Every structure is written in structure tokens, then in C-alpha cells.
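Topology and contacts: notes
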Amino acid sequence: MLPLAFLLAALSLVAQKQPLTYYLPGVEYDPDIPTPEAFLGYQVGEWHLSHDQQLFYMRALAAASPRITLTEYARSYENRPLVYLTITSEANHARLEEIRQEHLALSNPGQSAKADVAAMPTVLYQGFSIHGNEPSGGNAATLVAYYLAAGRSAEVQRILDETVILLDPCFNPDGFQRFSTWANMHKNENLTDDPQDREYNEAWPRGRTNHYWFDLNRDWLPAQHPESRGRLRVFHEWKPNILTDHHEMGTNSTFFFMPGVPERTNPITPWENQELTGKIGAFHAAALDEIGSLYYSQEGYDDFYYGKGSTYPDANGSIGILFEQASARGHLQSTVNGPLSFPFTIRNQVVTALSTQKAAVELRTDLLDYQRRFYRDAMQEARKDARKAIVFGEPADQARLYAMVEVLRRHQVEVYRLGKPLEIEGKAYQPESSFIVPMEQPQYRLVRALFDTATSFQDSVFYDVSSWALPLAFNVDYDELSAKAFSKSLLGEAVRGLAPERKIEPPSVSQYAYLLEWENYYAPRALNFLLSKGLRAKVATRDFQLEGRNYAKGTVLISVQNQAGSPAQVHQLVVRASAEAQAPIHAVSTGLTPSGIDLGSNDFEALKPPKVMILVGDGVSGYGAGEVWHLLDQRYGMQVSKVETDGLAGSNLDKYTVIVMPNGSYSNVSKEGWDKLREWAAGGGTLITIEEAANAARKQGLASLKAREKPKKESDTTERRPYERLDADRGSENIGGAIVQAEADLSHPLFFGYRRSAMPLFRSNRLFFEPAGNAYATPAVYAEGPLLSGYIKDKNLERIGGSAAAIVSGAGQGRTICLVDNPNFRAFWYGTNRIFANSIFFGSVISRHAVEKAGGPAPAGQR
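Parameters at a glance
- Residues numbered from 1 in each chain as written.
- Predicted model: local features only at pLDDT ≥ 70, side-chain atom pairs only at ≥ 80, totals over all residues.
- Heavy atoms only, no water.
- Helix = DSSP H or I, 4+ residues; strand = E, 2+ residues; numbered from the N terminus.
- Buried < 20%, exposed > 50% of the residue type's maximum accessible area, 1.4 Å probe, protein only.
- Polar contact = N/O pair within 3.5 Å; in protein donor to acceptor, adjacent residues only side chain to side chain.
- Contact = heavy atoms within 4.5 Å.
- Pairing = 2+ DSSP bridges.
- Axes fitted to C-alpha atoms, helices over the stretch in contact; angles between N-to-C directions.
- Phe/Tyr/Trp six-rings, centres within 6.5 Å; stacked < 30°, edge-to-face > 60°.
- Lys NZ or Arg CZ within 6 Å of the ring centre and 35° of its normal.

**Focus on the side chain of Gln333**
If you trace the backbone, Gln333 turns up in strand S8 (residues 332-335). Look at Gln333 and you get buried, because its relative accessible area is 5%. A polar contact is formed between the side chain of Gln333 and the backbone oxygen of Ala328, at a distance of 2.9 Å. Once residues within four sequence positions are removed from consideration, Gln333 is found in contact with Asp193, Pro195, Tyr200, Thr251, Ser327, Ala328, Gly338, Pro339 and Leu340.

And the structure:
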């Protein structure tokens, strides 16, 4: 009976309300500062805080305590405020701007030698719950803020005197709100720890992501979302010495803190960074030991990809710290380590937040001096680097080029317009369409992180992607300049702010026609606007010249006559389209061309207004679906419908011209749903599959794809391997994220608007398909030596080389466009977004003779 009684007592203990001293040190607190319980009406841990409750409490603290100011730095897509608290002593608050400027001098090698680190406070950025359904951090933030606002101990006072703390209570307000609603609406009065209970099994898309279902903890480097952009601005306004990132992990785990796997540290990061991370880790270990919590370090997680919150600081003279707490995913769960309560998860986060503050005080001069040396040493490394600058340019697409400049500038990278024309190995760079980044600058290491490519690594396992080279993602020409090729005269005007203003001349009035150049990144936005207003448009499938200008395949023709409106109304709409999309549209006065097709040629294909449906729900990647939704909604200004996979059978598909299947298994689609989709496709619809969705389409007879066989083994003998290598060996088989090259047919509608057939693609799957039997149905194949950057095991590279990157197949009158790689990855692969846009706008004009015909569904045993 003793074990049963003990278990019941333990369950009772973890389920009950906890006193404040369970979380915080038993010191004296200022009674004029409201406790979380007094403000909320319940103790932290009894319910999941909603974002608005957390925000209102932080505002109350700022109003009540002279130690705190609150700053709103951004708004989420759902218009929720993102805020941070500046917490320090009253004396420091009185000279806060002076402290900030003195601190920033540490990152300026020209000024840092004069800085007196002995007299400077450390700057600590503490951030919580960037994944909304990892809520212990955001709930802990209220307690940490209260401790600093109200604590009257000598230790608290020392922290306030010797640090400036930027406390960011919720990195992801939309996801945090979404998850809190789920957890609270399913909470039992009598808590159950059954993992099968609905409380612990969120509905799709779950609360991890932001409004558009993006993982914000991968957006520190791409910086494509308002939450990240605001956070980066705060980071660089202060350049903290430590940044902490409080997360959760699997329920049956314990607690993790950095450092991560040593062999998987990004080689650009100085080793001293990891040594300081280890010293800080000792404070966490001591704090967790004191309360008896299990933990681990230096395994599982790594510091390789600089786009994560715990690694981005490492490229900026700071120390990034990842905390991972086993997640209750609700209020109480049974685990292999015993009952896991929500209050317990919060306490571990509080304890390590406070141990970080202690480390920031005790290691203060070490951290400040490291930051100074980081930037000083970076400049010395830059001077020794054989590369003196990187030049990049894109003559045909100002929007895409400026978007890349904007990313660089968000990271404080010095960027200049090219000062004079430059030619390198046959590539011409012109000042009006090119920029140059000198290597000798404080952000040298981050420049390397953004531009460097690599195909050789110390380890073959990566927690995230193994390459993210910016010029490949944006598909712009770039070259590294040696000392011989570089001169300071190449540095033109410095880019101020984020990027130069895009300037597009409005189209003049025409009584004949207008031509929309398709090379511009936002041309799809302009075309969608015009089609949505009822104008007719056609796309050129051949090149031509007209009135002194060369027009390429993909140019969109808007004739003036025979439209629903008058010529003046057509002009008004064309001007609006050009202005809103910042895409050039040219007025022409004749249809007779001196070269190429005339404007009345049958080689102009009529376009249909796209009506797009995105399949979402169980069996679909939330990330993939969100990338599609974000691109169409935010950048192209398109109306889209998101339809659940399990509701496909009951949906009216006739209203859609395009259906998108993002990456996924589609295991949730019923037989009736597949039948309806096949009927719609056969009737002339355009079905677009991305990554693994191709397999689902193949199995259901919607696409004709032949999997590439594995290469024959040289020997049938299996080599023995140590058991301890099992996880690493299996991990090395994955393609977690690398950049490969494909060769594209630029005459194919899928590649209208491109000028280079060599196409960098982002690969994160193990799909290998043979080129289609129809000679015209494979508009892109991978190069024989496809790897441009990142890690892919040799045997997987063999299967990729020469395989299909895009196949057009289909049954009946429809077309199924299978994109083997993700053209919309994390919203920063601007270079391949056009492939997806072309699939939507031009898929229906692909000749039926260039379609690989699909049969019926595969037999059950072959699915």
C-alpha cells in the first residue's frame, strides 16, 4: 500500500496551488508592488496566462516600480503588442542612454579601447516563449519581473546596480495566446495526468508558431516577420552580453541548458564563447542542484545555425543561452520521470533565469571584455582575410535585390552601392543594380555567416539547416573580391537605413496596350490586382522587342481595347497596380514589333484570374502551409481559401482554379475527398504539390512519378558499427537543409522571369524522382554535381544528381505541378518564390502535350 499512497500524495502535491516561495527566494518584497496572484486573482501555474493578462501585469509592474520601464517595440500580425521591460536600479535609469552609448562603444573597435569595463554594467536580454505552446517561460517571466521589481535583498540590489536587464516576456504573442486558450478550455477541475487527454493534444496548427504558422525561432537571421524585426532592432540598440531563450521540449525529458554539442558549434564562433557559456552553465547547474531538478548539457542541441535565438548572439559578440524544459503541455502529465506539473516547469525556468542574472553579475568584466575583444579580433581577422569585399547585383529585379540589402542592414552590416562598373569572370556589375559589402567591418563574422558556403563539416548531424547562404537564397550574382580586385573606389554611397527606396516610374497613358515585365519580384501582385479588377491579360511565351525595349517570356500584356472599362479606367488600374506592387509597367502604342512575336500573336496565352485553395490540417506541414499562405496573402495581395483535409469531400471545388498541396502525408484525406480532387483536376484544374505532397498525389493517380532506385551496393556485407553511433549514423542520412543546383528550362512557363538556367534550390527531403518519360514534362533537373552548400551524404547526392526537380503531369484536362523542393522556405527564399507564382498564374497555359499523363490510383499495396 505504501507505493500507492506515495503516488497519490505526489499527485495531490503537484496538482495544488503553489506559494510564491515555491518559485522565488524567500526575501522581503515591497508590499506596494502587486504580486502576480494579487493582480491575476490566481497563482501562476494554476492556469495558463493569456498574452493580454501577461501584458497587463507587466504594465502594472512598470507603473508601480521605479526600477522598470516598459517599451512596446513591435506588433504581431494579430496586432498584439510586443514589449520589453528595462529593469535596473533607479540610479542607472537616470543615466540609461549614457550607459547604452558607453556599452555600444564595446562593439566599435575604434572606440572600445577607451571603455572602462570595470565601471560598466552588463546588459542581459532575457526572452521567453518564442514557441507559443512552450508556455512555462512566458508564465515564469511574470515571476522573474516581480522578483526584480519588488525584491529587497542585497542580491537583488546588486543585480540592479550591476546589470541592465531587458526582459522580453513573450517573443510570440499570437502563438502564446492560441495555446493558453487551448490549455485552459480543456482543463479539468480534477486534473488528469493522462497524456491521451485532449488537453495535451492540440488541434492543428497548434500554438508553436506565429499567425502565419512560422517558427519564429528560425527567423532571427532571415528577419521576415514583424516580431523578429522588432526584436532585432532592440538587440542591436543594446548589443547585450547575454541573451537567454526559454523553451520547452518533450514531456519525458528533463532540463537542458547550453553549451550544446561541442563538435556542432559554428566554426565562425570563437571558442571563448563556448568557454563562457560553460562558466554560465555552472551557475545553472548549482541552482538546479539546489532544488533537486534533473538536467543535462552538451548533447542534443547545437550552436550551428545562426538563425536561432540562442545562436544569433554568438555571431554578435554576445553569449546565447538555450533553456529547454520538459513540457507539461497543459497542467499535469504522467512521464517516465514521474508526474510533471505546470508549476514545476515554471519553477525551473524561474530558477535558471535568476541563475543567469547571478552569472551576469559574477562574470561581468569577463563578459564585457569578451565583447570588446570579439569585435576587435573580428577586424583583425578581416584584415587577414584574402577576400576584401563581396559584390552582388541583380539588374532585372530591383525588388529582390533591395530585399536582400534589407536583410543585411537589419543585422547592422555595412553595405555600399557599387562605386563604378566592375566585371569579374564575364559577369558585369553596374552601379545602379549592384552593392558591395567590405569585409573589414565590425560585423565581419556575421558577413561570413550570411555569405559563406561550405560542403565539409566536422559533424554530419545538424539540429537545423546546414546552409543558408543569402545570395543563393535570393538567387543573385555575387563574387568575392581579392586584394588585387578591390579598391576603395568601388565603395560608393553607403546605404542608410534599411534599403534604398524603390522608385518606379508610373506608366504613361496608352490607347493600345500595357506590358508588365515579369522579372520583378512583385509582378505577380500587380497581375493579380489587374485580374481581380476584371481586366483581361495574356502572357508572352516568346521573346520580343518593342519601342526600344527587350521583353522576355513571361511578359504580361494588358490590351486597352475590348476591356470592361474605358481606356482612362484601364490606365487608372494599371497605374494603381504598378504603384502598389512597385513593379514596372510600360505603355506601348503599337502591336507591331521589329523582332519577335507581335502583340496579337497566338504565342500570347490568355490568363485566368486565379482562385486559390490551400489544403491545411492534419497530415499537412503547418510550416509549409504557412509559407504558402504568407506569400500569397502578404506579398502578392491574393485572396486564398484554407480548407481542412478532412473537409475536402464536402467542399465545392468548382470555385477554385488552383489547389495547393503543401508538404505533407495527406493521411487524413478520405476516399471521397480524393475522388473529388481527381474529378476537379481532370476537369482542368491546376494542382501544385510541394515536397512530400508529390508522393500523396502519385499514390492517388494525380501525378505520374517514378521513384529513383537506390544505387547498387558495392558489397552485400553489412559493416559492424558501435551501438553508441546509432543515433549519429541515422542522423547523417537526413537532409535537414542544404542548397543544391538545378538546371532549368527557361522557355518553360514555370521559369518565366528567370535569366539564368542554373538555379539554387533549398533541399530538405529525400525525394528522388526520375525525369518524366515525356521529354517536355521535366522543366528542371538537378545538376550531376548538385551540392552548392551544406551537408548531404554522398549516396544521397548520387541519387539527386540528374533527377527531376520539377515535373508536370496530370490526368484529363488538368495539370499537376510537382515541385520536389520547397520554393517558399522560411519566407526568405526570394529566388525561388517565382517558380511557385508561375505555377499559379501560368500553370494552365502549359501545353497539354508537355504533360506526363497520370493513370488511376496506385494499387493499395503500392501506396
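**Regarding the sheet that holds strand S3 (residues 122-128)**
Within a sheet, each strand pairs with its neighbour through backbone hydrogen bonds, oriented either parallel or antiparallel. As summarised here, the arrangement of the 7 strands in space is S1-S2-S4-S3-S5-S7-S6, forming an open sheet in which the pairing is mixed. At either end of the open sheet lies a strand with only one pairing partner, and these are strand S1 (68-75) and strand S6 (255-257). The sheet shows a mean angle of 20° between the axes of neighbouring strands, direction not considered. Here S3 runs beside strand S5 (residues 242-249); their pairing, made up of 5 bridges, is parallel. Of the residues in S5, the one forming a bridge with Gln126 is Thr244. Contacting S3, strand S4 (163-168), S5, S6 and strand S7 (319-326), helix H12 (residues 342-362) crosses the sheet at an angle of about 165° to S5. This element, helix H13 (residues 364-384), spans S3, S5 and S7 of the sheet and lies at about 90° to S3.

**Some points on the environment of Leu490**
Its place among the elements puts Leu490 in the loop between strand S15 (477-482) and strand S16 (491-494). On a C-alpha basis, the gap between Leu490 and Met185 in space is 61 Å, while along the polypeptide they are 305 residues apart. The residues contacting Leu490, other than those within four sequence positions of it, are Arg417, Leu418, Gly419, Lys420, Leu422, Ile436, Leu481 and Ala485.

**Section: the pairing of strand S14 (residues 434-438)**
The buried count for S14 comes to 5 of 5 residues, which makes it a mostly enclosed element. What you see with S14 is no split at all: Ser434, Ile436 and Pro438 on one side and Phe435 and Val437 on the other are buried throughout. Of the pairings in the sheet, the one linking strand S10 (residues 387-393) to S14 comprises 5 bridges and is antiparallel in character. Across the sheet, the residue bridging to Gly393 is Ser434, located in S14. As paired elements, strand S11 (residues 416-418) and S14 share 2 bridges and run antiparallel to each other. Note that in S14 the partner of Tyr416 across the bridge is Ile436.

**What about the packing of aromatic side chains?**
Under the defined criterion, the tally for this structure stands at 42 aromatic pairs. Between Tyr306 and Trp468, the aromatic rings sit 6.4 Å apart at their centres with planes inclined by 85°, giving edge-to-face as the arrangement. In this pair, Tyr306 sits in the loop between helix H11 (271-291) and S7 while Trp468 sits in the loop between helix H15 (444-451) and helix H16 (470-474), placing the two residues 162 residues apart along the sequence. Assigned by exposure class, Tyr306 and Trp468 land together as buried. Between Phe751 and Tyr754 the ring centres are 6.1 Å apart and the planes differ by 55°, which places this aromatic pair in the tilted class. Through a chain of ring-to-ring contacts, the aromatic side chains of Phe304, Tyr305, Tyr306, Phe457, Phe462, Trp468 and Tyr791 assemble into a single cluster. In this arrangement the basic side chain of Lys187 is found over the ring face of Trp47, its NZ or CZ atom lying 3.9 Å from the centre. The ring of Trp629 carries the charged tip of Lys642 above its face, separated from the ring centre by 4.2 Å.

Structural measurements only, silent on function.
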